[in-house]
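Fold and contact review
Each chain is listed here by its residues.
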Amino acid sequence: MPAHQYLVSEIKKIVGAKGAIVGDNPVNTLLTDSRRIANAGEAIFFALSGRRNGHEFIAEAYAACVRNFVVKEGRELALPGANFLLVDDVLNALQALAAHHRSSFDLEVIGITGSNGKTIVKEWLYQLLCADKNIVRNPKSYNSQIGVPLSIWQINEHHNLGIFEAGISTKGEMIRLEKIIQPTIGVLTHIGPAHDEGFASRDEKIKEKLGLFRHCKLLIHNYEVLLNFKDDIHAKKCFTWSTEFKQADLYVFSGTAISRNFYLRAKFNEKEIECLIPYQDEASVENAIVCWATMLAMGYKPALADNRLEHLNPVSMRLELKTGINDCSIIDDSYNSDIQSLEIALNFLNQQNQYAKRTLILSDIFQTGLPPDILYQHVADMISAKKVDKFIGVGEALTKYRNVFDVPEKHFFADTSTLLQHLRSLNFKEETILIKGSRSFEFEGISRALVQKAHETVMEINLNALLNNLNFYRGKLKPGVKVMAMVKAFSYGSGTFEVANVLQYNKVDYLAVAYIDEGVSLRNSGITLPIMVLNPEISAFDKLTEYNLEPVIYSFGLFDEYIKYVQEQGITEYPVHIKIDTGMHRLGFETFEVETLCDLLEENKYMTVKSVYSHLVASEAVEHDEFTKTQIKKFEKACKQIESALGYKVIKHLCNSSGITRWPNAQYDMVRLGIGLYGIDSVIPKETNGLQPIASLKTSISQVRKVSAGETISYRRSGSLAKDGKIATVRIGYADGYLRAFGNGVGKMLVKGSLVPTVGNITMDMCMLDVSNMDVREGDEVIVFDEKQRIEDLATQIGTIPYEILTNISQRVKRVYFYE
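Remember, it's a predicted structure, so these values are computed and weren't measured experimentally.

**Remarks on the overall build of the protein chain**
Helices and strands together make up the secondary structure of the protein chain, namely 25 helices and 38 strands. Computed over its C-alpha atoms, the radius of gyration of the protein chain comes to 29 Å, within 12% of the 28 Å expected for a compact globule of 820 residues. Seen through its C-alpha atoms, the protein chain measures out along the principal axes to roughly 90 × 85 × 60 Å. Buried positions account for 55% of the 820 residues belonging to the protein chain.

And the structure:
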């Protein structure tokens, strides 16, 4: 919540805008997304242009009662009662307003940048310093050219410390963020290869990042990283740390793993100091040292820093969407609770359409710097705006302010244990439940009680990666080209409504499924997008029309059966899609049949042809390019014939994932995005980081045993070890989709970062791995595939294609969906 309201006339002056003001409205909310409207009466919408042009969504924001807009000059609309501020660059205007807002407050601000660890260090510094300060910080990882100004806008008069991270991907971006954040203390985290591709060299990237600190009075950094950049450091004072150089202000000379902790010893001010951190992995240790150095540089006593570092909590960076009891969906965000992350979580709850009822379980919110009456009124307003149907408040403060919550159904409990005692009486059924709690409330117990118990083998689906891949391909499209997302076969094994909700929220134009029952399932889950059915069954035509699904007509037999059905039902002009076979020889009218098809379409009043399409056989293969060109010519000829017969234009689509990038001239009106959406496309080099794998398959070790050389392992005595060693039995087999072809050393899995081979045949529910010379225990995590050992690698191991690996993962493997 900003410190005070701005009048539209003030904002006009701050951003240097033109345009007449119809009403000088007060503004305290910035909007950049028409799908996330909050406090519309006192909001201003910035029509940003990026992958999507914000000017196209002005009418949508206006319909949601927004009346103030910042737009590019010449893009204003004639809307009654609306103020349009006209600027040359909308992003510049947003950043200028945020920079002005930041300048209105005289508070200490820590600015953080680096290649890795920015968000973790920010969140840990918040944990370490919040006992002494009222802190404002970026929500999650809002560190971009848009995220930073939205974060800065939160500063109000109650805050006395800001902690903001800044992320960049190319030259020239940091100077813009520095003007907005205006940090007084700088923190540089780990420097690595992330975003190297946006710069001429690693040195250029480092210099760009140092631009954040050009007006800092204090900079905390790794001593050796900046040895060659002294001329680029403009901070008045530097505090350095190192594990190699004794000259550093904090010289960490010893690190020892103790149980699950890590014990650090260091020299500081010519004295030996120590601290214990509750992590052992290399990245966490480095991030903790950065936080240690920052506290010491800010004047904290070593003993106090040690005490606080020992109690660092893990940073939950993502929401988890899981299957719950009684046909519920559970959104688990049970490890942190603040205003900013609550708004993000409520937006995600709002994306879910699978159940009509939306429920929020929320704990008291701590350390906001706001008086409790203002805080909980603001929370109540957010909950009302997001149309929460059922609210369960846990904690003394929420119980005290229960009357400010205007929700159809509400319940309040003094603590988590009391709620757990009454959980059954709350009758959770067919609802989407967001669990959002401060760590001290231990809401993980609520999550355990509500999540459906399942097989320990889990496939994790990263919905942010899915969105990244969608936007990657959108960036390859010509203006106006639509996107049809393929969600057949359980979204290539990745889920149904969970994936479709993200696609619908991010405004794809069409979905496609293989069979009618898949479309019915999506409709029952609240999906309203047009859905094309690739292979409609005649026996289920009634479901087709009942659920407003659009069939593909690919043969004269199907054409006749469909016409017969719609005539009997008295249906006219029902939307259909026509498939042409240009070379796949799977389904579709052959090119010599198109003329006859046109004769039938001319005299037909029972259907409206929405699109005509065909399927490229080898769009990814250079050696088949001449055949692809032949397909394109056949398709274009067929489309001309059909449009001529119909007397109107239809949507034309031919390109699949690989075709989008290799055959841009064949994008036509729409493209069909399939396997590429899920992070796999053989024509996109992995090293470009353009696509992200969305799925990780993980299991665990059931048992570890020693095996002598020559002893046989698994069915038919199929496996053995050449030397005495150890095997680990893991909880995955061919019934889970880990095919028998992976047996006898063909397949490999990741255990503690190392690839280990299978031993013997794969059994139905389990398989064995050779873990000789490894320190492993029962319960240790085993990774079947992720971003390191990719699905493509597994496909290569058994001589198949990634599609088969992904779609073979069985339904008994629990899917967990993550969203940052």
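Picking up where we left off.
**Comments concerning the environment of N744**
Summarising the element assignment, N744 is placed in the loop between β33 (725-730) and β34 (748-751). Placed 366 residues apart in sequence, N744 and H378 show a C-alpha to C-alpha distance of 60 Å.

**Some details on the packing of helix α21 (residues 594-602) against helix α22 (residues 625-646)**
Contact pair α21 / α22: the axes reach a minimum separation of 8 Å and the direction vectors enclose 20°. As summarised for this structure, α21 and α22 are arranged roughly parallel, according to the angle between their axes. Crossing angle aside, the handedness with which α21 passes α22 is right-handed. Between α21 and α22, the residues in contact are V594, E595, L597, C598, L601 and E602 and A638, Q641, I642, A645 and L646, respectively. Counted by class, the contact of α21 with α22 contains eight nonpolar, one polar and two charged residues.

**Regarding the sheet that holds strand β8 (residues 135-137)**
On the basis of which strands lie adjacent, the open sheet formed by nine strands has the order β8-β9-β7-β10-β11-β12-β13-β14-β15 and mixed pairing. Where the open sheet ends on each side, the last strands, each with one partner, are β8 and β15 (271-277). Taking the axes of each pair of neighbouring strands and ignoring which way they run, one obtains an average angle of 20° across the sheet. Both strand β7 (residues 108-113) and strand β9 (residues 161-165) contribute to a ladder of five bridges, which runs parallel. What sits directly across from E108, in β9, is L161.

**Comments concerning the nonpolar core**
Among the nonpolar cores identified, the biggest contains 145 residues, and V379, F405, L503, L511, I642 and F785 are the most heavily contacted of them. If you tally residues by element for this core, the top one is α22, at seven residues. Here I642 is in contact with I578, I580, V594, L597, C598, L601 and V612, once residues within four sequence places are set aside.

**Notes on helix α11 (residues 372-385)**
When the terminal C-alpha atoms of α11 are compared, their 20 Å separation across 14 residues agrees well with the 20 Å that a helix rising 1.5 Å per residue should span. The set of residues buried in α11 consists of L375, Y376, V379, A380, M382 and I383. Down the axis of α11, the smallest arc covering the buried residues is 160°, so these residues share one side. Where α11 is buried, its residues meet α10 (339-351), β18 (357-363), β19 (390-394) and α12 (396-400). A positive phi of about 55° marks K387, the residue just after α11.

**Side note on the pattern of salt bridges**
Following the criterion strictly, the structure yields 30 salt bridges and no others. A salt bridge links K357 to E409; the nearest nitrogen and oxygen atoms lie 3.2 Å apart. With K357 in strand β18 and E409 in strand β20 (residues 409-413), this pair connects stretches of sequence that are 52 residues apart. Given the relative accessible area of 24%, E409 is considered partly exposed. Measuring nitrogen to oxygen at the nearest pair gives 3.3 Å for the salt bridge that ties E626 to K629. On the criterion of helical spacing, the pair formed by E626 and K629 is a turn pair, its members being three residues apart in helix α22.

**Thoughts on the sheet that holds strand β6 (residues 83-87)**
Strand order across the open sheet formed by four strands is β3-β4-β5-β6, with parallel pairing between neighbours. In this open sheet, the two strands that pair with only one neighbour each are β3 (29-31) and β6. Ignoring strand direction, the axes of neighbouring strands in this sheet form an average angle of 25°. With five bridges joining them, strand β5 (residues 68-72) and β6 adopt parallel strand pairing. Bridge assignment links V70 to a residue of β6, and that residue is L85. Packed onto the sheet, helix α1 (residues 8-15) meets β4 (43-46), β5 and β6 and runs at close to 5° relative to β6.

**What about the pairing of strand β13 (residues 250-258)?**
Inspection of the sheet shows strand β12 (residues 238-242) paired to β13 by two bridges, in the parallel sense. From the neighbouring strand, W241 faces β13, where its bridge partner is L250. Here β13 runs beside strand β14 (residues 261-268); their pairing, made up of eight bridges, is antiparallel. Bridge pairing in β14 places L250 opposite F268. Taken together, β13 and the strand that follows it, β14, pair antiparallel across an intervening segment of two residues, in which S259 is found at a positive phi of about 55°.

**Let's talk about α1**
For α1, the complete set of buried residues consists of V8, I11 and V15. End-on, the buried residues of α1 take up no more than an arc of 60°, which puts them together on one face. Its buried side turned inward, α1 meets β1 (6-7), β2 (26-27), β4, β5, β6 and α3 (90-103). Positive phi shows up at G16, right after α1, with a value of about 65°.

The rules we used
- Residues numbered from 1 in each chain as written.
- Predicted model: local features only at pLDDT ≥ 70, side-chain atom pairs only at ≥ 80, totals over all residues.
- Heavy atoms only, no water.
- Helix = DSSP H or I, 4+ residues; strand = E, 2+ residues; numbered from the N terminus.
- Rg over C-alpha atoms; globule rule 2.2 N^0.38 Å.
- Buried < 20%, exposed > 50% of the residue type's maximum accessible area, 1.4 Å probe, protein only.
- Axes fitted to C-alpha atoms, helices over the stretch in contact; angles between N-to-C directions.
- Parallel < 35°, antiparallel > 145°, perpendicular 65-115°, else oblique.
- Left-handed = near helix turned anticlockwise from the far one by under 90°.
- Contact = heavy atoms within 4.5 Å.
- Nonpolar A, V, L, I, M, F, W, Y, C, P; charged D, E, K, R; others polar.
- Pairing = 2+ DSSP bridges.
- Core = buried A, V, L, I, M, F, W, Y, C linked by side-chain atoms within 4.5 Å.
- Expected span 1.5 Å × (residues − 1).
- Arc of directions from axis to C-beta.
- Salt bridge = Lys/Arg side-chain N within 4 Å of Asp/Glu carboxyl O.

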